[in-house]
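Structural characterization, general
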Amino acid sequence: MNAEIAALKQYCNSLVQYSRRKTIEVKIGDVPMGGINPIRIQSMTTIDTMDTQGSIEQTIRMVDAGCEYVRITAPSIKEAQNLDEIKKGLRLRGYNVPLVADIHFTPNAAELAARIVEKVRINPGNYADKKRFETIDYTEASYQAELDRIRKKFVPLIKICKEYGTAMRIGTNHGSLSDRIMSRYGDNPAGMVESALEFLRICEDEQFYNIVISMKSSNPQVMVQAYRLLVQKLEEEGLKPYPLHLGVTEAGDGEDGRVKSAVGIGTLLEDGLGDTIRVSLTEEPEAEVPVARELAKRYDDRVGHEPIAAIQHYPITPFDYNRRKTREVVNFGGSHPIPRVIADFSTKEKITPASCFALGYHYAVALDKWNITDTACDYIFLGDKTIEFEIPGTLGLIFNHQTWQTQRHRDRAYPLIKASDYHKGEVELSDRLNFIYTLLKDIDEAFLEKVKNEPTAVLFINTYNKHGLAEQRRLFVELMNGRCDVPVVIGRAYADLTSDQLQLYAATDLGGLLVDGLGDGVFIAAEHCGSDKFINDTAFNILQATRTRISKTEYISCPSCGRTLFDLQETTAKIRVRTSHLKGIKIGIMGCIVNGPGEMADADYGYVGSGPGRITLYKGKEVVRRNVPTAEAVDELVDLIREHGDWIEPAS
Ligand code: SF4
């Protein structure tokens, strides 16, 4: 193995053979994490921590749903103290679940909580720092003085954790990096990793190792890069392989939250990273558990998959986003960087114009014209089916080669050709666009040479390997090393899954390649897994979550916790009703002003709880309206969007 691949590989055991990264075991009450323990599932209460009975009841519901650790916010000393009451109440009811105190800004609450609960989570961005959004010019000496100041504030907590056998999570959030880190490293994965390492080095100096680390972001791309970089830096500095807590923060609700979480968490699980999962949804905490379980369970029988050839030279950059450069073929690749969506109608019994509604095309009978929505697919794969009606002018049809020969008179009809047939040169080609159905085993030097010289070729890739993402990534490696810039549609086939499973699996399998800049199109074949609309929406949601094709408004809403000042689920729904047509706008909806503004990351507008019944509105990071009564806040948000020229009227 050459030095380059050895260096790049340091973020996981293997890029081609599934195996879980070996971490040290961390003791958290009676439920150890890391080492050979299974991937643990956890969540956080949303109820006020001072509501002892409510916290106990909610924790019990979470444990019964499958939570193995329960996190509870402790914003001040009084809540930290009340953790004792909650813990006693739970033990009396026979629940020994380890509790985790969630700390921001308040070392004194952390020091108290560490004497009571099994684990404390600190945020290195705000444990010893106040956030002022200032850029500071540090000298080496002044930076060192800052680190000394942190050490002084942090060591007392470490000592308490050592004395009481309490574990600690150093939980970096992309949105709440300290001004110090932002000034020196920037708002990026490198800054996130350094933020945790500053605290981790102090822990190791104090011989404290009962530690878990997280690198959360609401942007799955950033989150994936940060965890990978963290693993590489731990190895580089000779620090211990601490367990990783995986999560996409402020993921939102419903399908958006699930898809975003699966893209981030699933991509890392594929590489064998992750010892515990928290899926952050703006829903009841129990609703997070089945999602996390579903994500983790796919790896129970992953070991022993069909072998995939080793990689000698790895051309993909795992720590920052670089889109693979491809040549232009019709509307794939080149100057069309947007991945295309191909829907599957090849197994559909009857196809009529109305069938296209589910794929984002609405036929207006009175006007005799098609209305095309933002989630209209670009192509339909018909296999051996044919249709008689006129299709919208933006839509292409793909047929199996033999059937295409009977349909070639149609506009925008293209063939799908097996790689072996194409290679033998025995088939007639379209003079515009040919989809070549390709598996990794089809690729050799001669095939690459032929396809490189074929200006009409787009590879349509598939896999039958249980470790399919790795096999398809391996295929991209062959193309990149062979300097073959043919565009690629990533295809995956599923059958007999629940719609939840399909959403999570496809988001992992396709999203994991898209976050590495791979893929010029996506195709999901899913028999008995959900409606045509659901499958089409899932494809667009995956592209949205990977930020490769924006088709709707993005909501960065916090999962809520004991600090939350309004009903997040209800408010998110209200804001969604008014703004869901604002394609490309990002709206942060945050439960509290303590963490909300920092955690909104790169939202364009922010709606943040600033007191009971009061909302503060943001444009980017800037406060623009303070303490607006809740009843007026959604209207004010819409006005604000209008004032900044981002408003469009919804289609009637
Ligand atoms: S932003 Fe939301 S989840 Fe985070 S501390 Fe505030 S209320 Fe809790």
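Further up the page is the structure itself.
Structural notes, computed from the coordinates. (Residues numbered from 1 in each chain as written. Predicted model: local features only at pLDDT ≥ 70, side-chain atom pairs only at ≥ 80, totals over all residues. Heavy atoms only, no water.)

1. Quick word on the nonpolar core
In a soluble, globular protein the nonpolar side chains are often hidden away together inside. Among the nonpolar cores identified, the biggest contains 160 residues, and F154, L157, M168 and I524 are the most heavily contacted of them. Not counting chain neighbours up to four residues away, the residues in contact with M168 comprise K119, V120, I122, F154, L157, I158, C161, C203, F208, N210, I211 and V212. In this structure, L568, I585, M600 and L617 belong to the second largest nonpolar core, which totals 27 residues. (Core = buried A, V, L, I, M, F, W, Y, C linked by side-chain atoms within 4.5 Å. Buried < 20%, exposed > 50% of the residue type's maximum accessible area, 1.4 Å probe, protein only. Contact = heavy atoms within 4.5 Å.)

2. Focus: the environment of Q472
Residue position: Q472 is located in helix α14 (residues 468–481). Note: C-alpha distance between Q472 and D509 (37 residues apart in sequence) is 9.3 Å. Residues contacting Q472, with those up to four places away along its chain left out, are I461, N462, T463, I490, G491, R492 and L513. Separated by 3.1 Å, the side chain of Q472 and the backbone oxygen of G491 make a polar contact. (Helix = DSSP H or I, 4+ residues; strand = E, 2+ residues; numbered from the N terminus. Polar contact = N/O pair within 3.5 Å; in protein donor to acceptor, adjacent residues only side chain to side chain.)

3. Re the site of the ligand
Close contacts around the ligand come from C558, S560, C561, R563, T564, G591, C592, N595 and G596, and that covers them all. Of the residues in the shell around the ligand, the class split is three nonpolar, five polar and one charged. (Near = heavy atom within 4 Å. Nonpolar A, V, L, I, M, F, W, Y, C, P; charged D, E, K, R; others polar.)

4. Quick look at the sheet that holds strand β1 (residues 40–44)
On the basis of which strands lie adjacent, the open sheet formed by eight strands has the order β6-β5-β4-β3-β2-β1-β8-β7 and parallel pairing. Edge strands, defined here as strands with exactly one partner in the open sheet, are β6 (211–216) and β7 (245–246). Relative to strand β4 (residues 119–122), strand β3 (residues 99–103) is paired through four bridges, and the arrangement is parallel. Across the sheet, A101 pairs through a bridge with V120, a residue of β4. Strands β4 and β5 (167–173) of the sheet are contacted by helix α5 (residues 140–164), whose axis makes an angle of about 140 degrees with β5. (Pairing = 2+ DSSP bridges. Axes fitted to C-alpha atoms, helices over the stretch in contact; angles between N-to-C directions.)

5. Some words on the sheet that holds strand β19 (residues 554–557)
Taken in spatial order, the five strands make up an open sheet running β19-β20-β21-β22-β23, and their pairing is mixed. Bordering the open sheet on either side are β19 and β23 (622–629), each of which pairs with just one other strand. Between one strand axis and the next, the sheet turns through 20 degrees on average, direction left out of account. For strand β22 (residues 614–619) and β23, the ladder comprises five bridges, and the chain directions are antiparallel.

6. Describing the packing of aromatic side chains
Inspection of the entire model under this criterion finds 18 aromatic pairs. With 5.0 Å between their ring centres and 65 degrees between their planes, F460 and F523 make a pair best called edge-to-face. Here F523 lies in strand β18 (residues 521–527) and F460 lies in strand β16 (residues 457–461), a separation of 63 residues in the sequence. Judged by relative accessible area, F523 falls into the buried class, the value being 8%. (Phe/Tyr/Trp six-rings, centres within 6.5 Å; stacked < 30°, edge-to-face > 60°.)

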